[in-house]
Amino acid sequence: MTKPRIALLVGSLSRDSINRRLGEALARLGSDRFEIAESTLADLPLFNRDLDAALPAPVLRFKAEVEAADGVLIVGPEYNRSVSSALKNAIDWGSRPYGANSWKDKPAAIAGLASGALGTAPAQQHLRNILSHLDVHVLPQPEVCMSMREGLFDAAGDIADAATRRFLDGFLSRFAGHVARFGKVAA
Ligand SMILES: Cc1cc2nc3c(=O)[nH]c(=O)nc-3n(C[C@H](O)[C@H](O)[C@H](O)COP(=O)(O)O)c2cc1C
């Protein structure tokens, strides 16, 4: 059986992003259930609706990747109690031109890793609002709001602690069921 294709969006452009590390660890952990490939946000220009008439190549590439995916996994930081500007910019591009919403009916799951104690929970609440406006089916539970700590990742970049790995594995299994349920919903 072919595995569902998942577009991984990492909300941080930082070379040393802890969220990319988490996204990559999730991709490896879920490799028995999904084909997860990152869709980069780094080359997207700042959103400007004046470009709608002739969308830049990175925007066309990004929209095509989202549309081809069976689901979307968003792993992002919290910036000033909300989503990063890079992620919001990508979401805005995906939502336009008017009537060409690439997000419509996509199953999605979200996760975040922060240096702060709240583990991106405030940002994720904002993200859920935004995605609901765009007709995205976001996995309700579990909420993956994690705080960075020494030793979270092992030398290979995987989650070191067995209990945390089990928790994330359960998250991915719930997401697999969610993709099967909501994937390819008729327009
Ligand atoms: C502009 C900015 C705003 C931030 N705001 C928050 C915040 O509201 N809550 C939080 O927990 N961490 C905040 N942080 C710290 C991030 O959690 C930390 O930089 C983390 O490494 C970001 O993830 P990344 O490594 O994937 O970029 C902020 C960092 C930056 C650069």
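Everything below is about the structure shown above.
Residues numbered from 1 in each chain as written. Predicted model: local features only at pLDDT ≥ 70, side-chain atom pairs only at ≥ 80, totals over all residues.

So, about unusual backbone geometry. A cis geometry characterises the amide bond from arginine 96 onward to proline 97, with omega recorded as -5°. Among the secondary structure elements, proline 97 is positioned in the loop between α3 (85–95) and β4 (107–114). One non-glycine residue, aspartate 135, adopts positive backbone phi at about 70°. Tracing the chain through its elements places aspartate 135 in the loop between α4 (121–133) and β5 (137–138). (Helix = DSSP H or I, 4+ residues; strand = E, 2+ residues; numbered from the N terminus.)

This brings us to the nonpolar core. Leu9, Val72 and Leu73 are the most contacted members of the largest nonpolar core, which totals 45 residues. Residues within four places of leucine 73 in sequence aside, it is in contact with Ile6, Leu8, Leu26, Ile36 and Ala109. (Core = buried A, V, L, I, M, F, W, Y, C linked by C-beta atoms within 7 Å. Buried ≥ 20, exposed ≤ 12 C-beta atoms within 10 Å, placed from the backbone. Contact = placed C-beta atoms within 7 Å.)

Turning our attention to the site of the ligand. Taken together, 14 residues form the shell around the ligand, and within it Ser12, Asn19, Pro77, Ala114 and Gly116 come nearest. For the shell around the ligand, a count of residues per class yields 5 nonpolar, 7 polar and 2 charged. (Near = placed C-beta within 6 Å. Nonpolar A, V, L, I, M, F, W, Y, C, P; charged D, E, K, R; others polar.)

This paragraph deals with the packing of helix α2 (residues 57–68) against α3. Closest axis-to-axis distance for the α2/α3 pair is 10 Å, and the angle between their directions is 80°. Considering the angle they form, α2 stands roughly perpendicular to α3. Of α3, the residues touching α2 (which contributes Val59, Phe62, Lys63 and Val66) are Ala90, Trp93 and Gly94. For the contact of α2 with α3, the per-class residue count stands at 5 nonpolar, 1 polar and 1 charged. (Axes fitted to C-alpha atoms, helices over the stretch in contact; angles between N-to-C directions. Parallel < 35°, antiparallel > 145°, perpendicular 65-115°, else oblique.)

By the criterion of burial, β4 is predominantly enclosed, with 8 of the 8 residues buried. Of the two faces of β4, the one holding Pro107, Ala109, Ala111 and Leu113 and the one holding Ala108, Ile110, Gly112 and Ala114 are both buried throughout. Note that strand β3 (residues 71–75) and β4 share 4 bridges and pair parallel. Across the sheet, the residue bridging to valine 75 is alanine 111, located in β4. Crossover handedness for the path β3 to α3 to β4: right-handed. Relative to β5, β4 runs parallel, the two being bridged by 2 bridges. The partner of proline 107 across the bridge, within β5, is histidine 137. (Pairing = 2+ DSSP bridges. Right-handed = clockwise from strand over helix to strand, strands pointing away.)

Moving on to the environment of aspartate 43. Within the secondary structure, aspartate 43 is located in the loop between β2 (35–38) and α2. A count of 11 C-beta atoms within 10 Å places aspartate 43 in the exposed class. In this structure the C-alpha to C-alpha distance between aspartate 43 and threonine 120, which are 77 residues apart in sequence, comes to 24 Å.

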